Number of protein chains: 2
Amino acid sequence: MSFRYEIRLSGAGGQGLILIGKILAEAAAIYDEKNATQSQSYGPEARGGASRSEVIISDEDIDYPKATNIDLLLAMTQEAVDKYTADVKPGGIIITDSYFVKNLPGGDFKVYNFPITEIAENEIGKKITANIVALGLIEKLSQVVSDDAVINAIRARVPKGTEETNIKAFRRGQQLAE
Amino acid sequence: MSFRYEIRLSGAGGQGLILIGKILAEAAAIYDEKNATQSQSYGPEARGGASRSEVIISDEDIDYPKATNIDLLLAMTQEAVDKYTADVKPGGIIITDSYFVKNLPGGDFKVYNFPITEIAENEIGKKITANIVALGLIEKLSQVVSDDAVINAIRARVPKGTEETNIKAFRRGQQLAE
């Protein structure tokens, strides 16, 4: 049987959600030898400062590259939780940042609420690594990409000189999930 | 009547095709107030070093974010020309880089073959601005985004300190098209 895994990364512009989408897609496709698409929609939300990126991972060609039945939602703002919870499938995973999200979604979901941005700021020492902390959570909770593949993709994608800080952030996210 | 314009940007990894896809999508959506999606597929081609990015611009919501009937194809390698010409609609635009492309496509297309990479290297002084020269060609030939919008999106997206060089590359591309 073929598999298809849909991830939506949502929050505000500047939170680095497109970067982690690209890292996930490259990890899956270049290092894990699956197929992946990564996409962004721009519309009225983008003009209001919201950001949304989608990654679809499959073992087959991906003919419809839009997420419609989400397996995992990362929501880094309250607005993103409120807007996108309805697109998550029953039993799906929702990861939220307790730094920004005060009202958690109800319903048949696995909700993981962590102080992602606070940890990035206080433990990693760089608030902008919050996206990579979230990536660690996604890797552990989804089990859809391998640890090695993500590490390779992080090294290939983050600015030179920041690799070790980012890997530390990734490891911290994985730990949180455990 | 609603309009939908499909662009595929194809070539090799490292040619900056994803960046210009993002610039086009942001120009259309954030500055021109249209809707846009930008996507990448990763699969066997990505493992072989090929790169492909798609941008769809519309005045309506974009429900199917995959290009199937291409209005404009940028092909920065011979492989890209050979592989994607068949997806361009009759009368569509194909822009090729004569530095890499030796066999031009036949058929009912408007083909524009320019030494894009050579111009970037010799006239702009930076080979890596070839993508932005191509962006100037795309803007003029497609007429689907406004000049102002692209300039704003370039300023927002290229590395700090490189704005003027990139705008020079963009202007040179526009000139070529005229």
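Described below are features of the structure shown in this document. (Residues numbered from 1 in each chain as written. Chains lettered and ligands numbered in written order. Predicted model: local features only at pLDDT ≥ 70, side-chain atom pairs only at ≥ 80, totals over all residues. Heavy atoms only, no water.)

## A few points about empty space enclosed by the protein
Residues and elements named next belong to chain B. Counted under the stated rule, the structure contains 3 cavities of 30 Å³ or more. Quantified by volume, the largest cavity comes out at close to 60 Å³. Contributing to the lining of the largest cavity are Ser10, Gly11, Glu45, Ala50, Ser51, Thr77, Glu79, Ala80, Lys83 and Tyr84. For the lining of the largest cavity, the elements supplying multiple residues, two or more each, are β1 (4-12), β3 (50-58) and α3 (78-84). Per element, the largest residue contribution to the lining of the largest cavity is 4 residues, and it comes from α3. Residues belonging to the lining of the largest cavity are distributed by class as follows: 3 nonpolar, 4 polar and 3 charged. (1 Å grid on protein atoms, 1.4 Å probe; cavity = no way out; pocket = protein on both sides within 12 Å on 5 of 7 lines; lining within 4 Å. Points joined across faces, edges and corners; volume = space filled by probe spheres on them. Helix = DSSP H or I, 4+ residues; strand = E, 2+ residues; numbered from the N terminus. Nonpolar A, V, L, I, M, F, W, Y, C, P; charged D, E, K, R; others polar.)

## A short note on the packing of helix α6 (residues 147-157) of chain A against helix α7 (residues 163-177) of chain A
Residues and elements named next belong to chain A. Closest axis-to-axis distance for the α6/α7 pair is 10 Å, and the angle between their directions is 150 degrees. On the basis of their axis angle, the class for α6 and α7 is roughly antiparallel. Considering the relative orientation of α6 and α7, their crossing is right-handed. Taking contact as the criterion, the partners of Asp147, Val150, Ile151, Ile154 and Arg155 in α6 are, on α7, Glu163, Glu164, Asn166, Ile167, Phe170, Arg171 and Gln174. Classifying every residue of the contact of α6 with α7 by side-chain character gives 5 nonpolar, 2 polar and 5 charged. (Axes fitted to C-alpha atoms, helices over the stretch in contact; angles between N-to-C directions. Parallel < 35°, antiparallel > 145°, perpendicular 65-115°, else oblique. Left-handed = near helix turned anticlockwise from the far one by under 90°. Contact = heavy atoms within 4.5 Å.)

## Some words on the side chain of arginine 8 of chain A
Residues and elements named next belong to chain A. Relative to the helices and strands, arginine 8 resides in strand β1 (residues 4-12). Residue classification places arginine 8 among the buried residues on the basis of a relative accessible area of 2%. If sequence neighbours within four positions are ignored, arginine 8 has contacts with Arg52, Ser53, Glu54, Ala67, Ile70, Leu72, Leu73, Leu74, Tyr84 and Asp87. (Buried < 20%, exposed > 50% of the residue type's maximum accessible area, 1.4 Å probe, protein only.)

## Comments concerning the interface of chain B and chain A
Each partner contributes residues to the interface: chain B has 25 residues there, and chain A has 25 residues. Taken together, both faces of the contact between chain B and chain A bury some 2000 Å²; the carbon and sulfur share is 50%. Scanning the region where chain B abuts chain A turns up 2 salt bridges. Salt-bridge contacts for aspartate 63 of chain B lead to lysine 66 of chain A; the nearest nitrogen and oxygen are separated by 3.3 Å. At the surface where chain B touches chain A, the tally comes to 10 residue pairs in polar contact (both at pLDDT 80 or more). Contributing elements (two or more residues each) for the side of chain B that touches chain A: α1 (17-31), β2 (35-42) and α2 (44-47) of chain B. Of the residues forming the side of chain B that touches chain A, the biggest block, 8 residues, is contributed by β2 of chain B. Each residue belonging to the side of chain B that touches chain A can be placed in one class, and the counts come to 11 nonpolar, 7 polar and 7 charged. One ladder, built from 7 bridges, connects strand β2 (residues 35-42) of chain A with β2 of chain B; its direction is antiparallel. By the bridge assignment for β2 of chain B, alanine 36 of chain A is matched with tyrosine 42 of chain B. (Buried area = accessible area lost by both parts, 1.4 Å probe. Salt bridge = Lys/Arg side-chain N within 4 Å of Asp/Glu carboxyl O. Polar contact = N/O pair within 3.5 Å; in protein donor to acceptor, adjacent residues only side chain to side chain. Pairing = 2+ DSSP bridges.)

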